[in-house]
Structures are given as structure tokens and as C-alpha cells.
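# Residue-level structure breakdown
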Amino acid sequence: MRLPIQLFILMLSAGVAWATSSVVLQVCSAPDRDPDTIIKACTSAIESGELGEGFGLVFYSRGNAYERKGDYERAIQDYDEAIRRERKYAPAYYNRGNAYQGKGDYERAIQDYDVAIRLKPQDALAFNNRGSAYMRKGDYARAIQDYDQAVRLDPNYPPAFNNRGSAYMRKGDYDRAIQDYDQAVRLNSNYSLAFRNRGVTQFYRGEFAAAEADFSKVLLLGSQEAYYLVWLYLAQSRGGNNQARDHLAGGARAFDLDDWPGPIISMYLGRIRPQEAMEAAVGKNPMKETEMQCQVYFHIGQLLLMEGRKNEAVQTFKAAIATGASASYEYNGAKAELKRMGY
């Protein structure tokens, strides 16, 4: 891979010795290398003592590698240093915003996206990702404004349509959500996330056959996530497919049902009781425990509905909402079920 022109210019201006630094810097700046290799090369360049004060791109590249590894703290430290050296380098603010969003610090993420947009106002990705930060805060109106701008800047960017669809879905505007998911899959016919989101939204609307088609498409695209199998089962069961449970049992053989959401699958297959599924959601992953409990409440509610126990299902869906896990599909699914039942 060719060395980016920015690094060539910086090498010349800083008087970096070509023979000793060019190969290391080339590896450091190669995004297609594995993160550990990039980190090693960038660290070697930084510790060589040959880089000038303006060499912020080396820290930026290492920050990108740490972010790819999910080490957001180390990534932010490197982006901080990159920004200290290159105050007007928009990608450093944008990627630091991504790292803060990865940590769940949406306010800090928005602040960085604000700067990135001021420096590069035609950047559709910055508007898209700031929209995602607003959506995760629950500010769907502001999220939609940003997605609108991302779509205007790049009308061929499928994630902007998918994300705007998700904002409309969370607002309960399912028709507008479906329109955006439709456009996302028109632009990318293999976009499994958009098919999943459209399938979930169709399920919320009670369009179980359409939901089944979308979840089937996700699995055909090669998804290895058991969640899709669960949603496909729900769409088939609620749509009156008498073979739904057999299909679930067959698909479940590809997964370790001790891993989440395996206990939910086991519950639907009658291998464990609902209370055991709830117990499985506690203690294994403290950071996601609330979301997992919301999921169990929602799926217990679905099981109760399929057994004709509507009043108990209503209480269980209310319990799912009470968890406050508003970013989860199951939280919004519980709201949709209650609305359909007149609550």
C-alpha cells in the first residue's frame, strides 16, 4: 500500500530518515493490516525519536487501531495527541467521537462530531454518526435531522437510510421506517442489518409474513447470530406456521444454547421454564443485564400470547418496558404489542 501523501509531506518537513522510517510508517498507516501490527509499527515510529512535533497522523493511525480492537480509552488518548498536533484535522475529531460513542459517552461524541462537521461540513459520515449519538440518547427528532442531512449529502449511502429508519421506528412511525429500510436494501441488496430492522418493524406492525421473509433473508445472507433465528421463529409462530417450532429446533443445533440468547431458544422449545430463562439473564454480563432482562420479559410475553394468556402477557410486556432498556428491539416490541392490544 502506498504511503499517504500527508505522511510523505510530514516526513520531508520533519527531516525523517527515509531508510529507517518509511517502511514502519507505511505499516503504521495501512488500515488493511491487523490492529496489533499497526499498533506495533506506530509505537515503533513514535518511540524512534525521529518524528517531528507535527506528526499527529501517526497517533491518529494508532488510535484507529485501538478503536478497532474496542480499546476506546487508548484510542481516545491517541486521538487527543493527534488533535493536539493537528488542530484542524477533521477525521481525528470524527474518530474520537466514534470512540466516545463506543464508550456510551454520547455527549462527548456529539461535541467531537460538531467540530468535525465545522471543519468538513460536507461529510455525510459525520452527520450520520452524530445522528446515531442523538438516537442513542433518545433524541429521535435531532437524529432524524442529521440523517436527513447525511442523505442529502450522499443519497447513495445505505446506512443513513437504515439509521433514519431506526429513528422513525423508535418514534413509532413504522410506515416511514419501512420506506427508509426499503431504500437501504435497494441500494445494497445484501444489507443484512436493514433486512433485520425492516423485519422487526414489520413484526411490530403485525405483518408477520413480511417479517418472516426479511428474517429468512438475513439468515440466507449468512448471519451467524442466534437472535435472527429467534425472531424468525416468532414471525412464523405468530403468523400461524405450525412447523415453526420444528424449524427453531433444527436451527438451534448450530448454536450453543448455554450462550445468550440460547436460554430464550430453550424456553421456546420447552426445555427450560420461563423463570429459568430469567435467571440465566442475571449475573453473566452485568453491563447488559438490564437489556437481557428486557429481552426475557418480552419473549415470555410472546410465549403467553401464543398460549392465549393475554392478561398475563400484558403485565409481562409492561415489565419489559419498566426495565428502561429503550435501545433494545424487545423494549420497543413490548410497546408495540401493548399498543396493538389497546393499552
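Reference entry: report on the structure contained in this document. Remember, predicted model here, so these are calculated numbers, not experimental data.

## Concerning the pattern of salt bridges
The full count for this structure, using the stated rule, is 20 salt bridges. In this structure, the salt-bridge partner of Arg 84 is Glu 81, at a minimum N-O distance of 2.6 Å. With a gap of 3 residues between them, Arg 84 and Glu 81 both fall in helix H5 (residues 72–85), about one helical turn apart. The salt bridge involving Asp 214 is made with Arg 198; its shortest N-O contact spans 2.8 Å. Residue Asp 214 is located in helix H13 (residues 208–220), and its partner Arg 198 is located in helix H12 (residues 192–204); the two are separated by 16 residues in the primary sequence. Each member of the pair, Asp 214 as well as Arg 198, is classed as buried. Each of Asp 80, Arg 96 and Asp 112 takes part in a single network of salt bridges with overlapping partners.

## Structural notes on unusual backbone geometry
Trans peptide bonds make up the majority, and among non-glycine residues the majority have a negative phi. A cis amide bond links Trp 260 to the next residue, Pro 261, at an omega of 5°. You can see Pro 261 is positioned in the loop between helix H15 (244–252) and helix H16 (262–268).

## Quick look at the nonpolar core
Ranked by size, the top nonpolar core spans 104 residues in total, and within it Phe 203, Tyr 204, Trp 231, Ile 265, Tyr 268 and Phe 317 carry the most contacts. Setting aside residues up to four positions removed in sequence, Tyr 268 forms contacts with Val 230, Tyr 233, Leu 234, Arg 245, Leu 248, His 299, Gln 302, Leu 303 and Met 306.

## Concerning the packing of helix H6 (residues 90–103) against helix H8 (residues 124–137)
In the contact formed by H6 and H8, the axes pass within 11 Å of each other and the chain directions differ by 20°. Taken together, the axes of H6 and H8 are roughly parallel relative to one another. Two packed elements cross with a definite hand, and for H6 against H8 that hand is left-handed. Where H6 abuts H8, its residues Tyr 94, Asn 98 and Gln 101 lie against Leu 125, Ala 126, Asn 129, Ser 132, Ala 133 and Arg 136. Looking at side-chain class alone, the contact of H6 with H8 contains 4 nonpolar, 4 polar and 1 charged residues.

## Observations regarding helix H18 (residues 289–306)
For H18, with 18 residues, the first-to-last C-alpha span of 26 Å sits near the 26 Å given by 1.5 Å per residue. Listing the buried residues of H18 in full gives Met 292, Cys 294, Gln 295, Val 296, Phe 298, His 299, Ile 300, Gly 301, Gln 302, Leu 303, Leu 304 and Leu 305. Buried positions along H18 lie against H12, helix H14 (226–238), H16, helix H17 (274–280), helix H19 (310–322) and helix H20 (329–340).

## Focus on the state of the cysteines
Applying the stated criterion across every chain, the model contains 1 disulfide. With a sulfur-sulfur separation of 1.9 Å, Cys 28 is cross-linked through a disulfide to Cys 42. Judged by the torsion about the S-S bond (95°), the Cys 28/Cys 42 disulfide is right-handed. Of this pair, Cys 28 sits in helix H2 (residues 18–28) while Cys 42 sits in helix H3 (residues 35–47), placing them 14 residues apart in sequence.

## Observations regarding the packing of aromatic side chains
Per the stated rule, a full pass over the model turns up 10 aromatic pairs. Arranged with centres 6.1 Å apart and planes meeting at 50°, the rings of Tyr 60 and Tyr 79 form a pair that is tilted. One end of the pair, Tyr 60, is in helix H4 (residues 56–68); the other, Tyr 79, is in helix H5, and 19 residues separate them in sequence. For the pair shown, Tyr 60 and Tyr 79 are each scored as buried. Taking the centre distance of 5.9 Å and the plane angle of 35° together, the rings of Phe 215 and Trp 231 count as tilted. Placement of Phe 215 in helix H13 and of Trp 231 in helix H14 is noted, with a sequence separation of 16 residues between them. Each member of the pair, Phe 215 as well as Trp 231, is classed as buried.

Cut-offs and rules
- Residues numbered from 1 in each chain as written.
- Predicted model: local features only at pLDDT ≥ 70, side-chain atom pairs only at ≥ 80, totals over all residues.
- Heavy atoms only, no water.
- Salt bridge = Lys/Arg side-chain N within 4 Å of Asp/Glu carboxyl O.
- Helix = DSSP H or I, 4+ residues; strand = E, 2+ residues; numbered from the N terminus.
- Buried < 20%, exposed > 50% of the residue type's maximum accessible area, 1.4 Å probe, protein only.
- Core = buried A, V, L, I, M, F, W, Y, C linked by side-chain atoms within 4.5 Å.
- Contact = heavy atoms within 4.5 Å.
- Axes fitted to C-alpha atoms, helices over the stretch in contact; angles between N-to-C directions.
- Parallel < 35°, antiparallel > 145°, perpendicular 65-115°, else oblique.
- Left-handed = near helix turned anticlockwise from the far one by under 90°.
- Nonpolar A, V, L, I, M, F, W, Y, C, P; charged D, E, K, R; others polar.
- Expected span 1.5 Å × (residues − 1).
- Disulfide = S-S within 2.5 Å.
- Phe/Tyr/Trp six-rings, centres within 6.5 Å; stacked < 30°, edge-to-face > 60°.

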